[in-house]
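Here is what each chain is made of, one letter per residue.
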Amino acid sequence: MVQYQRLIRKGEKLRVSVERGGSVAGDGFSKMAKQKTILVIFLSFLSCCYIFSFSSFSLLNALSRESEGFGPYEQFIAPLCSGTSNGTICCDRTGFRSDLCIMKGDVRTNSASSSVFLFTSLKNKTKVSQKIKPYTRKWETSVMQTVQELNLIYRDDNSSVSEHSNICDVFYDVPAVFFSTGGYTGNVYHEFNDGIIPLFITSQHFNKKVVFVIVEYHSWWVMKYGDIVSQLSDYPPVDFNGDKRTHCFKEAVVGLKIQDELTVDSSLMLGNKTILDFRNVLDRAYWPRIRGLIQEEELEAVNKTAKKVGVDGPKKPKLVILSRNGSREILNESLLVELAEEIGFVVEVLRPDKTTELAKIYRCLNSSNVMIGVHGAAMTHFLFLKPKTVFIQIIPVGTEWAAETYYGKPAKKMGLKYIGYKIKPKESSLYDEYGKDDPIIRDPKSFTQKGWDYTKKIYLERQNVKLDLKRFRKPLSRAFDFSMKRI
């Protein structure tokens, strides 16, 4: 007799095997066997097509969910919440720098009570609500005390109370990311380190299909960083406290993921994104405005009085000095400009303030070959430099650790040619004020170890720099030679 045995998935294929045994009783039986064989093969073919189409559909559906931001991103921003199920609030509080919570299901805002509700069935279930301050300096008690706390609360979607309260005024079919622009916002270093870069880390996998809900919303912050925000989200940001409507989402991330100072750790990112991917976001954000600035300048140049830097003669590398006033000022800045021009640079002195348009700063630094500045928050603008650009940070007495940690190491990670110039005691204004034998000059660590307040009051707020130009010529010449090889 003939036996038919279907073997499913031997390796990757679906196949039919035919095993023959016994005697054959005439041609009729043989024809019948052939017909059965054809029938089994046909049915097997249909089965294979079904399995293939089902698998393809499942794969396409998974890819679609990933492209919309619903892929397995939790393990990268909140590992303890990997595989969070629908109708669940999960918080990962293992990070030193920030907490982060994920809410999945029917998520609704309630600004009046500083709450975000998750509506789900609570029948025969005990679920614990959570509290979180969505800011990335968790370890700094003093500043965290000023940050608004959010209540993440379970609500029973079967109760009569739920049916008549928190009805959705605005519904989104994309997730939300909640974060605060309180804390140290107002300082450019903290705005990027504690806010903008963590926002990129937390949201980039959503491919702009995400809504940003801002706690402690500032109109000036949205205006200042709107170009960047628009590259991370297709939706206008929501003012959590100011917009009293109930905003509804099918998923929410509350808090931001921060990895290190002014950087992105590719090993912890979905898709192995790096700080250069963040810089590409800056490029896309500012180039439309930069093109507009260029057109404006071309119109102004009609009077033929505008002198364009570096147009005539051999091409020279451009050096930008980020100038300071008040503290950590370069007292002999004009002589530094003369030295740089003597070496062969085209020099531009940039004096940004809180009202300076970021696109203008970006354009200036993005087109430079070398940036020089004294340690301080303005050094955050190294993010605007192209990779392989030279960054010379002048390091005042008593600021070595902060200069290297906050700017030196991150600059190297971004691929810049970093030069840290540690000034000698005689190059500091503190030398003339206290003398060479004072512990402030002789042993700065004995003061910086006392805490940030000592460092700030003595070494940041009361110190200026007078460069030894003979000594500074060496790193400046190195920067020139390096830049000449690249232009």
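Residues numbered from 1 in each chain as written. Predicted model: local features only at pLDDT ≥ 70, side-chain atom pairs only at ≥ 80, totals over all residues. Heavy atoms only, no water.

A.B. asks: What am I meant to see in empty space enclosed by the protein here?
C.D. replies: For the structure on display, the rule yields two cavities of 30 Å³ or more. For the largest cavity, the calculated volume is near 80 Å³. Contributing to the lining of the largest cavity are Tyr 135, Phe 179, Ser 180, Thr 181, Tyr 184, Thr 185, His 190, Glu 191, Asp 194, Gly 195, Ile 196 and Trp 221. Sorting the residues of the lining of the largest cavity by element identifies β9 (176-180) and α5 (188-203) as the ones contributing at least two each. Counting residues per element, the lining of the largest cavity draws most heavily on α5, which supplies five residues. Counted by class, the lining of the largest cavity contains five nonpolar, five polar and two charged residues. Considering only enclosed or pocket space, the second largest cavity measures out at about 50 Å³ in volume. Taken together, Tyr 73, Phe 76, Ile 77, Ile 201, Gln 204, His 205, Leu 268, Met 269 and Leu 270 make up the lining of the second largest cavity. Tallied by class, residues from the lining of the second largest cavity come to seven nonpolar, two polar and no charged. (1 Å grid on protein atoms, 1.4 Å probe; cavity = no way out; pocket = protein on both sides within 12 Å on 5 of 7 lines; lining within 4 Å. Points joined across faces, edges and corners; volume = space filled by probe spheres on them. Helix = DSSP H or I, 4+ residues; strand = E, 2+ residues; numbered from the N terminus. Nonpolar A, V, L, I, M, F, W, Y, C, P; charged D, E, K, R; others polar.)

A.B. asks: Explain the sheet that holds strand β17 (residues 417-422) here, please?
C.D. replies: As a general point, the strands of a sheet are linked pairwise by backbone hydrogen bonds and lie either parallel or antiparallel. Strand order in the open sheet formed by five strands is β14-β13-β15-β16-β17, with parallel pairing between adjacent strands. The strands lining the two open edges of the sheet, one partner per strand, are β14 (346-350) and β17. Neighbour-to-neighbour, the strand axes of the sheet open up by a mean angle of 20°, direction not taken into account. In this sheet, β17 lies alongside strand β16 (residues 390-395) in parallel orientation, the contact comprising six bridges. Paired with Phe 391 across the bridge in β17 is Tyr 418. Contacts from helix α10 (residues 400-413) reach β16 and β17 within the one sheet, and its direction differs from that of β16 by about 175°. Sheet strands in contact with helix α15 (residues 469-484) are β13 (318-322), β15 (370-374), β16 and β17, and its direction is about 165° off that of β16. (Pairing = 2+ DSSP bridges. Axes fitted to C-alpha atoms, helices over the stretch in contact; angles between N-to-C directions. Contact = heavy atoms within 4.5 Å.)

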